[in-house]
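The chain contents come next:
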Amino acid sequence: MDEFKTCNLDYFPENILIDVLSYLSVRELVRAGRVCKRWRRLVKDQRLWRLVDLTAWKGVTSRILWVLLRQYLGCGLRCLRLRGLLLSARGGIFLSESWLKALSTKCPRLRKLYLLHADLRGLPSCQLLPPTLQVLELRGCELPPGFFNQSLPSEPAGPQERGETTSNVGAQQQGRNQAGKGLASPSGIAIERLVLNNVPSFTDQHLQSLTSWQRLSRLELRDTFRVTANGLRSSAAKDTGSGVEGLSRLKFLEIGITGRQGYQLQMASLGLGAGWLGLEELSLGGKEVGPGLLCASRLKDLHRLCLWACTLSEMQILRSCRMLRELRLLEFSEVFFQPRQCPPGGEGEGGGEEEREGGEAVGEEGDNDDNKKLDVNDPIPSLRRSLAVLLPRCTLVFTNCSVQINSD
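Residues numbered from 1 in each chain as written. Predicted model: local features only at pLDDT ≥ 70, side-chain atom pairs only at ≥ 80, totals over all residues. Heavy atoms only, no water.

S.K.: How should the overall build of the protein chain be read in this particular structure?
M.R.: Scanning the protein chain from N- to C-terminus turns up 14 helices and 14 strands. In the protein chain, which comprises 408 residues, the share counted as buried stands at 42%. Taking all contacts inside the protein chain whose residues are at least 6 apart in sequence as the whole, residues at least 24 apart take part in 72%. Per element, the accessible surface of the protein chain, about 23,000 Å² overall, is 49% carbon and sulfur. (Helix = DSSP H or I, 4+ residues; strand = E, 2+ residues; numbered from the N terminus. Buried < 20%, exposed > 50% of the residue type's maximum accessible area, 1.4 Å probe, protein only. Contact = heavy atoms within 4.5 Å. Areas by Shrake-Rupley, 256 points an atom, 1.4 Å probe, with all protein chains shown as cover.)

S.K.: Looking at this structure, how should I read empty space enclosed by the protein?
M.R.: With a probe scaled to a water molecule rolled over the atoms, the places where space remains empty come into view. The full count for this structure, using the stated rule, is one cavity of 30 Å³ or more. As a volume, the largest cavity reaches approximately 70 Å³. Lining of the largest cavity is provided by twelve residues; of these, Thr224, Val227, Ile257, Ala268 and Glu288 occupy positions nearest its centre. A per-element tally of the lining of the largest cavity places strand E9 (residues 252-257) first, with three residues. Its residues placed into classes, the lining of the largest cavity shows seven nonpolar, three polar and two charged. (1 Å grid on protein atoms, 1.4 Å probe; cavity = no way out; pocket = protein on both sides within 12 Å on 5 of 7 lines; lining within 4 Å. Points joined across faces, edges and corners; volume = space filled by probe spheres on them. Nonpolar A, V, L, I, M, F, W, Y, C, P; charged D, E, K, R; others polar.)

S.K.: Just to check I follow, could you spell out the packing of aromatic side chains for this structure?
M.R.: Within a pair of aromatic rings, the relevant descriptors are the distance that separates the centres and the angle that separates the planes. This model, assessed by the stated rule, comprises seven aromatic pairs. Seen from their ring centres, Phe332 and Phe398 are 5.2 Å apart, and the 15 degrees between their planes marks the pair as stacked. You can see Phe332 sitting in strand E12 (residues 329-338) and its partner Phe398 sitting in strand E13 (residues 395-399), a full 66 residues away along the chain. Residue Phe332 is classed as buried on the basis of its relative accessible area, which comes to 0%. (Phe/Tyr/Trp six-rings, centres within 6.5 Å; stacked < 30°, edge-to-face > 60°.)

S.K.: What is the right way to read helix H14 (residues 381-390) from this model?
M.R.: Since the α-helix advances by 3.6 residues per turn, residues separated by three or four positions end up pointing in the same direction. Every buried residue of H14 is accounted for by Ser382, Leu383, Ser386, Leu387 and Leu390. Taken end-on, H14 shows its buried residues confined to a sector of 130 degrees, consistent with a single buried face. (Arc of directions from axis to C-beta.)

S.K.: Quick question: what am I supposed to make of the confidence of the model for the protein chain here?
M.R.: Any residue range with low pLDDT should be treated as having predicted coordinates unsuitable for detailed reading. For the protein chain, mean pLDDT is 82; residues scoring 70 or higher make up 76% of the total. Note on residues 344-372: pLDDT is under 50 here. Beyond four places in sequence and across chains, it has 23 contacts. (pLDDT = per-residue confidence, 0-100.)

S.K.: Would you mind going over unusual backbone geometry with me for this structure?
M.R.: Leave glycine aside and you will find that most residues have negative phi; peptide bonds, for their part, are mostly trans. Despite not being glycine, Asp223 has its phi angle at roughly 55 degrees, a positive value. Inspection of the secondary structure assignment puts Asp223 in the loop between strand E6 (218-222) and helix H10 (229-235). Among the residues examined, Asp223 registers a relative accessible area of 12% and is labelled buried. A positive phi angle is found at Asn400, which is not glycine, with a value near 55 degrees. Looking at the secondary structure, you find Asn400 in the loop between E13 and strand E14 (402-403).

S.K.: Even after reading the chapter, I still don't get the nonpolar core, so can you show me in this structure?
M.R.: Nonpolar side chains in soluble globular proteins tend to end up buried together. In this structure, Trp49, Leu138, Phe148, Phe202, Leu210, Trp276 and Phe332 are the most contacted members of the largest nonpolar core, which totals 102 residues. Here Trp276 is in contact with Leu232, Ser235, Ala236, Ala237, Leu247, Leu250, Leu253 and Leu299, once residues within four sequence places are set aside. (Core = buried A, V, L, I, M, F, W, Y, C linked by side-chain atoms within 4.5 Å.)

S.K.: Just to check I follow, could you spell out the pairing of strand E11 (residues 304-313) for this structure?
M.R.: If a strand is regular, its side chains alternate between the two faces of the sheet. Inspection of the sheet shows strand E10 (residues 281-286) paired to E11 by five bridges, in the parallel sense. Across the sheet, Ser283 pairs through a bridge with Cys306, a residue of E11. Crossover connection from E10 via helix H11 (residues 289-295) to parallel E11: handedness right-handed. As judged from the nine bridges shared by E11 and E12, these two strands associate in the parallel manner. (Pairing = 2+ DSSP bridges. Right-handed = clockwise from strand over helix to strand, strands pointing away.)

S.K.: Explain the pairing of E9 here, please?
M.R.: Most of E9 is tucked away, with six of its six residues classed as buried. Neither face of E9 is left uncovered, since the one carrying Phe252, Glu254 and Gly256 and the one carrying Leu253, Ile255 and Ile257 both have all their residues buried. Across five bridges, E6 lies against E9 in parallel orientation. Note on E9: the bridge partner recorded for Arg222 is Gly256. Across six bridges, E9 lies against E10 in parallel orientation. Within E10, the residue paired with Phe252 across the bridge is Glu281.

S.K.: Would you mind going over the environment of Arg298 with me for this structure?
M.R.: Take Arg298: it is sitting in the loop between H11 and E11. Residues Arg298 and Leu277, spaced 21 residues apart in sequence, show a C-alpha to C-alpha distance of 9.8 Å. Setting aside anything within four residues of it in sequence, one finds Arg298 in contact with Leu272, Gly273 and Gly275. One polar contact links the side chain of Arg298 to the main-chain carbonyl oxygen of Gly273, over a distance of 2.9 Å. (Polar contact = N/O pair within 3.5 Å; in protein donor to acceptor, adjacent residues only side chain to side chain.)

S.K.: When you look at the pattern of salt bridges in this model, what are you seeing that I'm missing?
M.R.: Side chains that differ in charge, positive against negative, can pair when their charged atoms come close. This structure, assessed with the given rule, holds twelve salt bridges. Asp119 is the partner of Arg121 in a salt bridge, and the nearest nitrogen-oxygen pair spans 2.8 Å. Owing to a relative accessible area of 36%, Asp119 belongs among the partly exposed residues under this scheme. With a shortest N-O distance of 3.6 Å, Glu220 and Arg218 are connected by a salt bridge. (Salt bridge = Lys/Arg side-chain N within 4 Å of Asp/Glu carboxyl O.)

S.K.: Sorry, what's going on with the packing of helix H5 (residues 62-71) against helix H6 (residues 97-106) here?
M.R.: For the pair H5 and H6, interaxial distance at closest approach is 11 Å and the crossing angle is 20 degrees. If you check the angle between H5 and H6, you find them roughly parallel. For the pair H5 and H6, the sense of crossing is left-handed. Along the contact surface, H5 presents Leu65, Trp66, Leu69, Arg70 and Gln71, while H6 presents Ser98, Trp99, Ala102, Leu103 and Lys106. When the residues that make up the contact of H5 with H6 are grouped by side-chain class, the tally is six nonpolar, two polar and two charged. (Axes fitted to C-alpha atoms, helices over the stretch in contact; angles between N-to-C directions. Parallel < 35°, antiparallel > 145°, perpendicular 65-115°, else oblique. Left-handed = near helix turned anticlockwise from the far one by under 90°.)

This is the structure in C-alpha cells:
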C-alpha cells in the first residue's frame, strides 16, 4: 500500500498521459503546459491539436491566435473552430492576412474551418484562407461583397516575357499533372463543402461568384434571407449548347428558412423550377419547403429529398411526389403532419384507390401489430402506404415527427 501512496503521474507512460490530456479544452491544455517541462513537451504533441475548438473560449484576440500558432499548432491540425469578435464589446481585428498566411504555411493538413460571429469584411477574398481547406462553415458572420470571387491573375506577356514561354512549358505540364492527381492549385479554391448559417450579408452576388469554384459539391444555405429565386435560377447548372454553366459540380443543395418571423419571404427555392443538372440530393427546411416541393419535379437527377422543420399535409406530399418517380430516399425530420380533413376517397385524383392498393400490399404486416398501436417513427400509416404505391423503390425515413390534432 505504501508503494501506491507515493505513486504520481510521473509513473504513467506518455501515451496514457496524452490520452488524459486529450479530454481538456484548449485553455486548460495551455495551462497544463505550465506545470513542468515534461508536461509542456507533452502538451505540444500534435495528437492533441488535431481538432481545435476555440468557440467556448470567449474573448480570443489576435494576440492569442498568434501565440497558439507559434507554440502549439502544427502539421497535425485537421479542423479549426474559431469564435470572432463581431458580438464582442471590444471589437478589433480578429483574422489578419498575415496570420492566415502563417496558418497556411504551418498547418498544411488543415481540412475544415468553422467561423462563428466573425467579421470578415477586412479580408478582400476567401483566397487568403488556407488552400488545403475542403470544408468551410460560416455562422453569423459578416462578408464583404466580393469575398467568394476567385481571381486568377493573368497579365499580358511582354516582348521580354515571350522568350521565356518555352522554358515554362515544363512547369505548366507539371502543374497539369498535379491537378490531375487532385492537388489544390495555389490560385484555385479547393473547397468542396460550403455551409452558410445565418449569414445575412450573403446575397445573389455571392451565390453567382460560387459558379467559378471547380470543386464545390455541397452547398448548405440556412437562414440566408437575401438569396432570391432569380439568384438561385441564374446559378443553377444548365446546358447552354456550348457546355454546362453554373454550379455544374453541385450534388447536394440545402435551403432552409426557420428564423426571423415577419421578414419578407423571398421564396428562393422557386428558382429550382428552371431545373438543375446533376443535382442528386435536395434538403428543404422551414418556409422553403412549400415552394421547393412545387419545383422539385423539375429536378430530373434528384434521388434524395429531405424535408425538415415544417408543417405538411398528407395531400400536399402526395401531389408533389407524383412526379418524383426516380426518388430513392424520402426523409422527414421534425415535421408536423396535418390530419386529413375529408375521407380518403373524397379528395385528390385516385388518392383513395392508391391508398387501398397500398393497404393491400402492406396490410398483412399491419394486421400482426398488437392492438394496432401507432409506431412512434411512423406518425401517419396511411401516408406510408400511399407513398409505397407512388414510389415503390423509395425508402421512407421519419425522424422526430408528430401529428397535429386540432381541438375541434
